Amino acid sequence: MKFKRFLLVGLMLCFIFPQHIVNAETNSNDKPAEQVVEENYHTVLENWKKEGKKDASEFEASVSPSNFQTAEQSNLLPVEKSKGYNDRVFYWHNQASVSYEVDVKEAGLYELSFDYYPLSNEVVPIEGAIQVNGKYPFYESRRIVFPADWKNAKQTFQKDRFGNDMIPKQKRIEEWSRITAEDASQLQAEPLKYELKKGKNTITLSNLSGEMFLGKAYVKSPKKLPTYKDYLKEHKDQKLVDDALIIREAEKDYKKNSSYIRPFAANDTSAVPSSPKKLLLNTLGGDSWKESGQTVNWKVNVKKDGFYKLTFKVLQNKETTGPVFRKLLIDGEMPFAEAAPFTFDFNKSWSNVTLSDKKGKAYLFYLTKGEHDIGLEADASPVEPVLHTTNNIMREMEELTLEIRKLTGNQTDTARGWKISEYIPGIDKKLAGWADELESELKHLRTLDNTDEDSKDMISLKMAIQKLRKLSKEPDEIPARLTELSEGSSSAAQLLGNMLVTLPKQPLTIDRFYVHGDEKEVPNAEAGFWEKLFDSIQRFFLSFFSENYSASEADEDTLEVWVNRPRQYVELLQNLSDQTFTPESGIKVKFSIMPEEQKLILANASNKQPDLALGISSWLPYELSIRGAAVDLHQFDDFETFSKQFSPGAFLPLMIGDSVYAMPETQDFFVQFYRKDILQALGLPVPDTWEDVKGILPELQRYGMNYYTHIAGATGFKPFQATAPFVYQFDGDLYGKNGMKTAIGTEESLKGIKFMAELNTVYSLPLQVPNFYNHFRYSTLPIGTANFTTYTQLTAAAPEIAGWWDISPHPGVKKEDGTVERWATGSGQSAMIFKGTKSKEDSWELLKWWLSTDTQTEFATNLQMLYGPEYMWNTSNLEAFKNLPWPEEHKETILKQWEYLYEVPKNPGSYMIERELSNIWNRIVFDGVNPRSAVDDSVVAIDREIKRKMEEFGYVEDGKMVKPYPIPTIEQVKSWAGDENEDKNN
């Protein structure tokens, strides 16, 4: 049966548990897809409670690395290489596994801990998986994170050329730590518990990514924290230190477990310090400190033993207006059970929040004389029950939608009536039941919020409840009103999906905090009225003279570079240039944020263009060069040598003849993403060719799953990225030899186009998928071809499946000699020099420096360390790409695919070929037109438009060609580097 499209709404981030669709038509002997992987921890923990399973009584045992059972004995290192551990250690990396046995006296629930020492300075997370007696007890055990601590490389902030503070570089702290296994999404309030049977148990720890030294492994009974009342009794002889007031600036001298928790310049009079003219890094956190589990620790030195109070000066302006939560840590531990969660309510102004109980009475914290760590950890565990319930309802909502679609044949005619309640008995009670469950979670959210107004998350939840109750009263109208249930932009599913994105986020900005006795001594959080007024007047007048990164004319001796990227990229680039390029070359450079890249054409027409432009779309240099606005880079003597560092296929859209008018700056890639856990459970191989893809489709579709191609990711218009690979893989081409006609009518091209359409018409691949990332996480589309954007999303925002997905080269067509043609596009951003530049030679030197291996490597590493894992830099420099802090096996796959990078060359009428290829697909798939007929009709339209454009640019006069338009080829580019091997015939 054809795969029926349904919309998975809401960008589901790090809080979502694994989802699986059950195909209603599977045979009774079939294994449901939802059983492919384990239940989530929330469900398992509830089942344990129902079964009466309890925490083990007081117990602790440790196992030395010398007693580990492992196949990699060479990874057991001697004491002298243990980094001061004073015992043998295990070098845990490269998918290595260790097992150890522990003998417990009673069956029960235990916690697992490990000593570890992070290695390497990369931002690749250190992750592993834990099995107990050969099985994963719950899904979260498939990913355990071993965090590394970071600090600023320098404790004083350096200044940029405008006198503003710069975010310092990050340095990993090299030290031994101990961790108790936790949910990688940090949604559980306590460490993970593992059920062990009485007697011997085997625990296996497998490496997924990163590397570290592994010390002793511990098995212990869960720790129980004292209550606050017991905590006070324990220190009953101590008193409050009334005269103490320690002021600690949050942005100074701290350590953290995420490199990208960073200081922020609050342009606010109330922040300390503050300047009306310069940007000072005067606060910490904000959106860089919003993920549950992110922790910051500050050193505090107290002068005498006693009880102290803690007050934090914070700005909590979460976009949804809901509360955020923090866990307090003193010297790395919670002092008592009530130390989490502390609620920070929404407030548009700065406020002093003293850590207190629900009645507002300040907690007392006992500190001994000397140095202590005061830490705060972002904590989303209070909203975990809401996320769990909502997530389950959304899964059931999807299943119901799919079942309705199958019954109605995807017919949504509002004039047609359905007795859907007869086909799906109890559908009204199902919807009402969902509403009741969500109502209960809404009440829970209100207990967490100390304000009287509902947050946007609560409003979304309330609106979803109302829609479900309304639909439950008129169930037979649901087929015609699916847009209200699951498919509309304001559907119940969309509202819930939006809430699931924002609810677990915990952003908080801290200016400073106080360790004190009497609250009266704590300074006011907000500046006074007159101080604010005077500061705002200063800022107004200074704004007329302030310098920034906006596009403006540079000095005569300074190269002006427009960059089509956000401010943080431009700041980092300017700082790199000031620190290395200008001192070494003597060439001054000013980088500015490009208003919008379309204005480059207008700027060139008015002769106000910059010297260089970076980060522009790959189609723009061609449009500028054919109008005589770009410098031919091939004229430089060292161009051909420099070009060896890049993929030959990336140059094709940047060329006219043998002239090259831009350099590839970033590079996309289309590879095959697949869920290892799903394919392993179903016993399916990873496809290498399109024939292999066809071979696994019946099994996938039997379980309600399917295969994704980027044709389904496009909307009505199918760009070259979706269509051209099929033409190239079947040895077809888009252009004739002289560039005056299209070649899509050849037998080879027709064969590729026909197969492209048959994937949908014959093999039932989905016609349209708005968001492959969501489907991949849900496992409804556990395999498919996608690009760098999907890779970034899965790496940075899919923690629940981290380590359980992988990539392989793009499927291709197997040739008679056994090779597989897997040609695919990969256009990214480019960099070019304008003809009106002050100095072609200086501009070329700057371009070479920027695209060099060293600069690209440093830029990419700093970007991720400072701003987070989602700031991945897909450099086009192949050597620099090898140095990126990405998993080695992924880099190898991408580099292998880049050997088949074939970006579509340009000619004046290429836009018409792109448009008609899309029209051909639509006519074949939706109108049932014969492929040959569809192609022939388009060939006529394309050839007519190419001829017209060729006349416009002087290649044709009076209907006759006066000069050929040679289409660039990969062989042509390879000849620059002295490589004449032919990998692609044109």
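Residues numbered from 1 in each chain as written. Predicted model: local features only at pLDDT ≥ 70, side-chain atom pairs only at ≥ 80, totals over all residues. Heavy atoms only, no water.

Enumeration over the complete set of coordinates arrives at 45 salt bridges. With a shortest N-O distance of 2.8 Å, D511 and K313 are connected by a salt bridge. Placement of the pair is D511 in strand β25 (residues 508-516) and K313 in strand β19 (residues 306-316), with a sequence separation of 198 residues. Under the relative-accessibility criterion, D511 is labelled buried at 0%. We note a salt bridge from E665 to R565, for which the minimum N-O separation is 3.1 Å. Placement of E665 in the loop between β31 (663-664) and β32 (671-675) and of R565 in the loop between β26 (558-563) and α10 (567-585) is noted, with a sequence separation of 100 residues between them. (Salt bridge = Lys/Arg side-chain N within 4 Å of Asp/Glu carboxyl O. Helix = DSSP H or I, 4+ residues; strand = E, 2+ residues; numbered from the N terminus. Buried < 20%, exposed > 50% of the residue type's maximum accessible area, 1.4 Å probe, protein only.)

If you walk across this open sheet you meet the four strands as β4-β12-β6-β7, and the pairing is antiparallel. Of all the strands in the sheet, the pair left with one neighbour each is β4 (97-104) and β7 (144-145). The pairing of strand β6 (residues 127-132) with β7 spans two bridges and is antiparallel. When the sheet's bridge partners are listed, G128 is paired in β7 with I144. (Pairing = 2+ DSSP bridges.)

Attention now goes to the packing of helix α17 (residues 720-729) against helix α18 (residues 747-761). α18 packs onto α17 with a crossing angle of 130 degrees between their chain directions and a minimal axis gap of 7 Å. It follows from the interaxial angle that α17 and α18 lie oblique. Taken as a pair, α17 and α18 cross one another with a handedness that is right-handed. Touching A722, T723, F726 and V727 of α17 are S749, G752, I753, F755, M756 and L759, all from α18. (Axes fitted to C-alpha atoms, helices over the stretch in contact; angles between N-to-C directions. Parallel < 35°, antiparallel > 145°, perpendicular 65-115°, else oblique. Left-handed = near helix turned anticlockwise from the far one by under 90°. Contact = heavy atoms within 4.5 Å.)

Glancing now at the packing of aromatic side chains. To describe a pair of aromatic rings, you give the distance between the ring centres and the angle between the ring planes. Per the counting criterion, the structure on display carries 63 aromatic pairs. Ring geometry for Y728 and Y902: centres 4.4 Å apart, planes at 55 degrees, overall tilted. Placement of Y728 in helix α17 and of Y902 in the loop between α24 (888-898) and α25 (910-927) is noted, with a sequence separation of 174 residues between them. Given the relative accessible area of 1%, Y902 is considered buried. Grouping aromatic residues by their ring pairs yields a cluster made of F669, F673, F788, Y791, W805, F881, W886 and W898. When the ring centre of W289 is taken as reference, the NZ or CZ atom of R326 above it lies at 4.3 Å. (Phe/Tyr/Trp six-rings, centres within 6.5 Å; stacked < 30°, edge-to-face > 60°. Lys NZ or Arg CZ within 6 Å of the ring centre and 35° of its normal.)

Turning to a nonpolar patch on the surface, a few remarks are in order. Together, F529, W530, L533, I537, F540 and F541 make up a nonpolar patch on the protein surface, roughly 710 Å² of accessible area in all. If you trace the backbone, F540 turns up in helix α9 (residues 529-542). Assessed through its relative accessible area of 47%, F540 is described here as partly exposed. (Patch = residues over 30% accessible without salt bridge, like charges linked within 9 Å, V, L, I, M, F, W, Y side chains within 5 Å. Areas by Shrake-Rupley, 256 points an atom, 1.4 Å probe, with all protein chains shown as cover.)

This part covers the sheet that holds strand β35 (residues 805-808). Taking strand neighbours across the sheet as the criterion, the four strands line up as β33-β34-β32-β35 in an open arrangement whose pairing is mixed. Each edge of the sheet is formed by a strand with only one pairing partner; in this case those strands are β33 (707-708) and β35. Summarising the sheet, β33 and strand β34 (residues 783-786) pair through two bridges and their orientation is parallel. What sits directly across from Y708, in β34, is G784. Across the face of the sheet, helix α20 (residues 788-797) comes into contact with β32, β34 and β35 while running at roughly 155 degrees to β35. Lying on the sheet, α24 is in contact with β32 and β35; it crosses β35 at an angle near 30 degrees.

Right, let's talk about helix α1 (residues 41-50) for a bit. For α1, the full list of buried residues reads Y41, H42, T43, V44, L45 and W48. Measuring from the backbone nitrogen of H42 back to the side-chain oxygen at the start of α1 gives 3.3 Å, which picks out N40 as the cap. (Polar contact = N/O pair within 3.5 Å; in protein donor to acceptor, adjacent residues only side chain to side chain.)

Once that is clear, we can look at the nonpolar core. M663, F673, L734, I744 and L847 are the most contacted members of the largest nonpolar core, which has 150 residues in total. Every residue in contact with I744, bar those within four places of it in the chain, is listed here: D733, L734, S749, L750, I753, I913, L917, I920, V935, V939 and I942. (Core = buried A, V, L, I, M, F, W, Y, C linked by side-chain atoms within 4.5 Å.)

Turning next to α17. A large share of α17 lies buried, amounting to nine of its 10 residues. Listing the buried residues of α17 in full gives F720, A722, T723, A724, P725, F726, V727, Y728 and Q729. Buried residues in α17 make contact with α15 (690-702), α16 (710-713), α18, β36 (813-814), β37 (820-821) and α25. Looking at the residues trailing α17, positive phi occurs at D731, about 65 degrees.

Next up on the list: the confidence of the model for the protein. Predicted coordinates in areas of low pLDDT are best not read in detail. Model confidence for the protein is summarised by a mean pLDDT of 90, while 93% of its residues fall at 70 or above. In the predicted structure, residues 980-986 sits below a pLDDT of 50 and forms 16 contacts with residues beyond four places in sequence or in another chain. (pLDDT = per-residue confidence, 0-100.)

Before going further, it helps to spend a moment on the side chain of S577. Take S577: it is sitting in helix α10. Residues contacting S577, with those up to four places away along its chain left out, are T582, P583, V589, F591 and W849.

Attention now moves to unusual backbone geometry. In this structure, P273 follows V272 across a cis peptide bond, with omega equal to -5 degrees. Checked against the element boundaries, P273 lands in the loop between β16 (263-264) and β17 (283-286). In the segment running from A340 into P341, the intervening peptide bond is cis, with an omega of -5 degrees. Relative to the helices and strands, P341 resides in the loop between β20 (324-330) and β21 (342-344). Unusually for a residue other than glycine, D331 sits at a positive phi of about 55 degrees. If you trace the backbone, D331 turns up in the loop between β20 and β21. Not every positive phi belongs to a glycine, and D958 is a case in point at roughly 55 degrees.

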